[in-house]
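Descriptive analysis of the structure
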Amino acid sequence: TQLLEQSPQFLSIQEGENLTVYCNSSSVFSSLQWYRQEPGEGPVLLVTVVTGGEVKKLKRLTFQFGDARKDSSLHITAAQPGDTGLYLCAGARETSGSRLTFGEGTQLTVNP
Amino acid sequence: DTGVSQDPRHKITKRGQNVTFRCDPISEHNRLYWYRQTLGQGPEFLTYFQNEAQLEKSRLLSDRFSAERPKGSFSTLEIQRTEQGDSAMYLCASSLRTGYSYEQYFGPGTRLTVT
């Protein structure tokens, strides 16, 4: 059973379009992190959210943590080909130490 | 570059052989983690250390797997009698507590192929 469900699994869009990736769970997380991963490389940390309802912005990327700290979303405005990659959400639960539970990822392709 | 480093980046081995991977964390980070990632999946937790103490191990870490962090700095992950199902990307991460969370920073990974 996947504790974190990401949707969609695959997304192919044209440059300039907007998109949203969702990360949902029935469990409460003490913090949630978003990563981006290129083929053959390790995940690169984009942002950490810890407070229910928190919104963080990173240039054209907007991250939101749900009020109940069970879900999160990543919104990209005016996507560019350089945004192409695997986007992973990962949550840490207070009862499981600091280990991260990852979603399966969303493979984003932005076509020029 | 002061990020997490892993060695080797790629390893091809025959079934039944032993392999060892090394991870050097970011120098001031006291926690070090190992994850495994198979194609099309997110990383899965294997184990983690706080300084030299191994605090948690996943059920995925069978008795063929052993990890050490002898001086609280670098860590090694050894797989004995490798099986084809061990083929995966092995990722190391390190962290330091900031506020209410531990932000984990990953290395580039070691890609293991068992033939």
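Preceding this paragraph is the structure being described.
All figures in this text were calculated on a predicted structure; none of them were measured in a lab.

**A few points about the sheet that holds strand 3 (residues 19–24) of chain A**
Residue and element names in this part refer to chain A.
- Taken in spatial order, the five strands make up an open sheet running 1-3-8-7-6, and their pairing is antiparallel. Lying at the two open borders of the sheet, with one neighbouring strand each, are strand 1 (5–7) and strand 6 (55–58). For this sheet, the mean angle separating the axes of adjacent strands, direction not counted, is 15 degrees.
- In terms of strand pairing, strand 1 meets strand 3 through three bridges, oriented antiparallel. Looking at strand 3, one finds that Ser7 is bridged to Tyr22.

**Description of the environment of Asp83 of chain A**
All names here are of chain A.
- Relative to the assigned elements, Asp83 resides in the loop between strand 8 (71–76) and strand 9 (85–92).
- Separated by 15 residues in the primary sequence, Asp83 and Ala68 place their C-alpha atoms 29 Å from one another.
- If we ignore the near neighbours within four places in the chain, the residues touching Asp83 are Arg36, Arg60, Ile76, Leu108 and Val110.

**Overview of the interface of chain A and chain B**
- Taken residue by residue, the interface counts 21 residues in chain A and 22 residues in chain B.
- Of the roughly 1700 Å² buried at the junction of chain A and chain B (both faces included), carbon and sulfur atoms supply 49%.
- Taken as a group, Ser98, Arg99 and Phe102 of chain A account for 30% of the area that chain A buries against chain B, more than any other trio of residues on that side.
- At the junction of chain A and chain B, the tally comes to two salt bridges.
- With a closest N to O distance of 3.5 Å, Glu41 of chain A and Arg9 of chain B form a salt bridge.
- Across the chain A-chain B interface, the total number found is eight residue pairs in polar contact (both at pLDDT 80 or more).
- Broken down by element, the residue count for the side of chain A that touches chain B peaks at four residues, all from strand 4 (residues 31–37) of chain A.
- For the side of chain A that touches chain B, a count of residues per class yields eight nonpolar, 10 polar and three charged.

**Looking at the layout of surface pockets**
- Roughly 360 Å³ of internal volume is contained in the second largest pocket.
- Around the second largest pocket sit 18 residues that line it, and Leu86 of chain A together with Gln37, Leu39, Gly40 and Gln41 of chain B are the ones nearest its centre.
- Of the residues in the lining of the second largest pocket, the class split is five nonpolar, nine polar and four charged.

**As for the pattern of salt bridges**
- Taken as a whole, this structure holds eight salt bridges over all chains when the rule is applied.
- The salt bridge partner of Lys56 of chain A is Glu54 of chain A, with a shortest N-O separation of 3.8 Å.
- Its salt-bridge partner being Glu56 of chain B, residue Arg99 of chain A comes within 2.5 Å of it at the nearest N-O pair. Pair noted here: Arg99 of chain A is in the loop between strand 9 and strand 10 (101–102) and Glu56 of chain B is in strand 6 (residues 53–57), and the two residues belong to different chains.
- With relative accessibility at 23%, the residue Arg99 of chain A sits in the partly exposed group.

About the criteria used
Here, residues in each chain are numbered from 1, in the same order as that chain's written sequence. Chains and ligands are labelled by the order in which they are written, letters from A for the one and numbers from 1 for the other. Where totals are concerned, whole chains, interfaces and linings use all residues; where local detail is concerned, this predicted model gives features only for residues with pLDDT of at least 70, and gives and counts side-chain atom pairs only at 80 or more. For side-chain calculations, the full set of non-hydrogen atoms in the structure is used, while hydrogens and water are omitted. Strands are treated as partners if at least two bridges between them are detected by DSSP. Strands are runs of DSSP state E lasting at least two residues, helices are runs of H or I lasting at least four, and both sets are numbered from the N terminus onward. The convention used is that axes are lines fitted to C-alpha atoms, helices contributing only their stretch in contact, and that angles between N-to-C directions extend from 0 to 180 degrees. Here, two residues are considered to be in contact whenever any of their heavy atoms come within 4.5 Å of each other. The term buried area refers to how much accessible surface (probe radius 1.4 Å) is lost by two components on association, counted for both of them together. A pair is scored as a salt bridge if a Lys or Arg side-chain nitrogen falls within 4 Å of a carboxyl oxygen belonging to Asp or Glu. Polar contact is the term for a pair of N or O atoms within 3.5 Å; when the atoms are in protein, one must be able to donate a hydrogen and the other to accept it, and sequence-neighboring residues count only if both atoms are side-chain atoms. By the convention adopted, Pro, Cys, Tyr, Trp, Phe, Met, Ile, Leu, Val and Ala count as nonpolar, Lys, Arg, Asp and Glu as charged, and the other residues, Gly among them, as polar. Both cavities and pockets are sets of points on a 1 Å grid over the protein atoms alone; in a cavity a 1.4 Å probe fits but cannot get out, in a pocket the set is open with protein on both sides within 12 Å along at least five of seven lines, and lining residues sit with an atom within 4 Å of a point. Grid points are joined across faces, edges and corners, and a volume is the space filled by probe spheres set on the points. Residue burial is assigned from relative accessible area. The probe radius is 1.4 Å, only protein chains are included, and a residue is buried under 20% of its type maximum, exposed over 50%, and partly exposed in between.

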